[in-house]
Structures are given as structure tokens and as C-alpha cells.
Amino acid sequence: MTLRPSGGAQLTQLKNADVSWGAFDPKAYVKHNYRALQSEDAEILDVVRDHFADHFRRPGVGPVRGIDVGAGANLYPALAMLPWCDELTLFERSPANVRYLKRQVDSYDENWDQFWDVLCEDEAYDSLAMDPRKKFAKTVDVELGDIFDLQRHEGRWSVGTMFFVAESMTNSHREFALGVERFMRALAPGAPFAAAFMEHSKGYHVGDYFFPACDVGESEVRASLEPFADEFIAKRLKSSAAVRNGYTGMIVAYGRRR
């Protein structure tokens, strides 16, 4: 689930299975985070756009199956993979977010156009053969599922994203690392990936509900990815994190599955 903190005290021993994900309010989440394009998201889009475009310009790339793990109420990771995907799975645990995503498939809301505009700074997006909404409707499938169950689908997808998920579903460092592992193992060898993380998050509110987060920094992100990735980059965003309380910044990581 794509998550952002908005403050609140850190809870102890609150694991993923303990959270009432059915209470997650996608309408409130999108209004707070994605009604307008924020500088952090624009910076992430720049990085991910260039990474995927560089990879898929290579000759010999066959049919592409993409996955956004923990898609939540955020479409821009899927849009970043859209030009190359023959199939694109939005994998999400919260039933409320699944309903939101399914409503977006046939024709997504206008607020996502500003995110697509940033992607279109690269020709691969700007020259898409069909309208992005039509491509989205043709390509995207929404699947209800738990990140820890991805072990049943090892090596299935040829490109993947996971934005604000592993550190934003639990305050257990063990579950954080396992979530990253499940994401990476779901990708085929050589598959490009992009992931984003809240740095030192203390938890966050969505509507009236508080959700847990795992306190991680660049060292924890790198350690979780190193067993599964080749030549990956993990770096803190330049943009300020002052727009919200409860975390110190954002980290974006990208590379290829070992």
C-alpha cells in the first residue's frame, strides 16, 4: 500500500497483520498527497522515468509483465511502467484501496495527468501510440493480495515498483526486510525495479486512523536490497520533507534484479 505519514506517536509491536487495513481511506489519502504534484514526487518521477526509459531502449526486450506492489491509492508508479507493459498488475491488500483502483482503471481521475506530464518529458512516454487512459484500461489489472504471499509468484514479473510500502505497513524491522525480499523475489532476473521509502518515519494518519511505520534510513534500505539487486542506487531526495511531520525525508532506490 502506498503510504505517507502525517504525524502520530510510534506504536510498539504493531505488525502488518495487526493493522485494520480496511479502515484506510483512499479518498482522504489522495486529497492529502496527490491532489497536487509535490516536489518530492516530481523528483521521484524524474529518476524512475529515466531509469525505465534507459532500460527499455535496449534491443531484444520481449513481452513485459509489470507489477506495482502495494499500489494503494497512487497511480504514478504504474504510469511510470505503462509504455512498456503488456500486462500490469496493481497488487494491494486494503479492500478500500482495491475498490479505488478498480474505479480508476477505465478512466483515471484528472489529478494524475500532472504526473503523466512529468513522465512525458521523455519521448518514450510522450510518443505513446495510444492515449494513456486507453493503454491503462487495456493493460491494468487490480489484484487483492498480501505482500508476504508473493513468495508463490517468484520470478513472475519483468518490471516492478514498490512505493512507500515495506516501511509503511509495520514497525517491525524483520517484516520490513521480508517485505523488500518478497518484492524483489517476485521479479525475474534482470528485471528493472524502482522503490521508494519514507526515511525515519514515526507513523502516519489517514483520515481518523493511525498506521504504523518502521524507522529506516539509507543503510537499512541498502542492506535490504543488496542480496537481490545488481548495480542499484539508493539515495535521499534533494527535496525538503517539511510539507509533513513524522519523517525526515524520502529515499528512492532503483536498479535491476540479480
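Being a predicted model, the structure only gives us computed values, none of them experimental.

Trainee: In this structure, what is going on with the overall build of the protein? I would like to understand it.
Mentor: Tallying secondary structure elements over the protein gives nine helices and nine strands in all. For 258 residues, the compact-globule estimate of 2.2 N^0.38 gives 18 Å, and the C-alpha radius of gyration of the protein, at 17 Å, lies within 12% of that figure. Viewed in the frame of its principal axes, the protein has a C-alpha envelope of about 50 × 40 × 35 Å. In the protein, buried positions account for 59% of the 258 residues. Long-range contacts, defined as pairs at least 24 residues apart, comprise 78% of the intrachain contacts of the protein with a sequence gap of at least 6. For the protein, the accessible area works out to roughly 10,600 Å², and carbon and sulfur atoms hold 46% of it. Of note, the protein has its 31 positive side-chain charges centred 3 Å away from the centre of its 38 negative side-chain charges.

Trainee: Looking at this model, I keep getting lost on the packing of helix 8 (residues 173-185) against helix 9 (residues 218-225). Mind explaining?
Mentor: The description of two packed helices rests on the angle between their axes and on the distance between the axes. At a minimum axis distance of 9 Å, the contact between helix 8 and helix 9 shows a crossing angle of 45°. Classified by the interaxial angle, the pair formed by helix 8 and helix 9 is oblique. The crossing of helix 8 and helix 9 is right-handed. Contact with helix 8, carried on its side by Phe 176, Val 180 and Met 184, involves Glu 220, Val 221, Ser 224 and Leu 225 of helix 9 and no other residues of that element.

Trainee: Would you mind showing me how to read the environment of Trp 116 here?
Mentor: Relative to the elements of secondary structure, Trp 116 occurs in helix 5 (residues 113-119). Under the relative-accessibility criterion, Trp 116 is labelled buried at 8%. Considering only alpha carbons, one finds Trp 116 and Pro 132, 16 residues apart in sequence, at a separation of 8.5 Å.

What counts and how
Residues numbered from 1 in each chain as written. Predicted model: local features only at pLDDT ≥ 70, side-chain atom pairs only at ≥ 80, totals over all residues. Heavy atoms only, no water. Helix = DSSP H or I, 4+ residues; strand = E, 2+ residues; numbered from the N terminus. Rg over C-alpha atoms; globule rule 2.2 N^0.38 Å. Buried < 20%, exposed > 50% of the residue type's maximum accessible area, 1.4 Å probe, protein only. Contact = heavy atoms within 4.5 Å. Areas by Shrake-Rupley, 256 points an atom, 1.4 Å probe, with all protein chains shown as cover. Lys, Arg positive; Asp, Glu negative; His and termini not counted. Charge placed at Lys NZ, Arg CZ, Asp CG, Glu CD. Axes fitted to C-alpha atoms, helices over the stretch in contact; angles between N-to-C directions. Parallel < 35°, antiparallel > 145°, perpendicular 65-115°, else oblique. Left-handed = near helix turned anticlockwise from the far one by under 90°.

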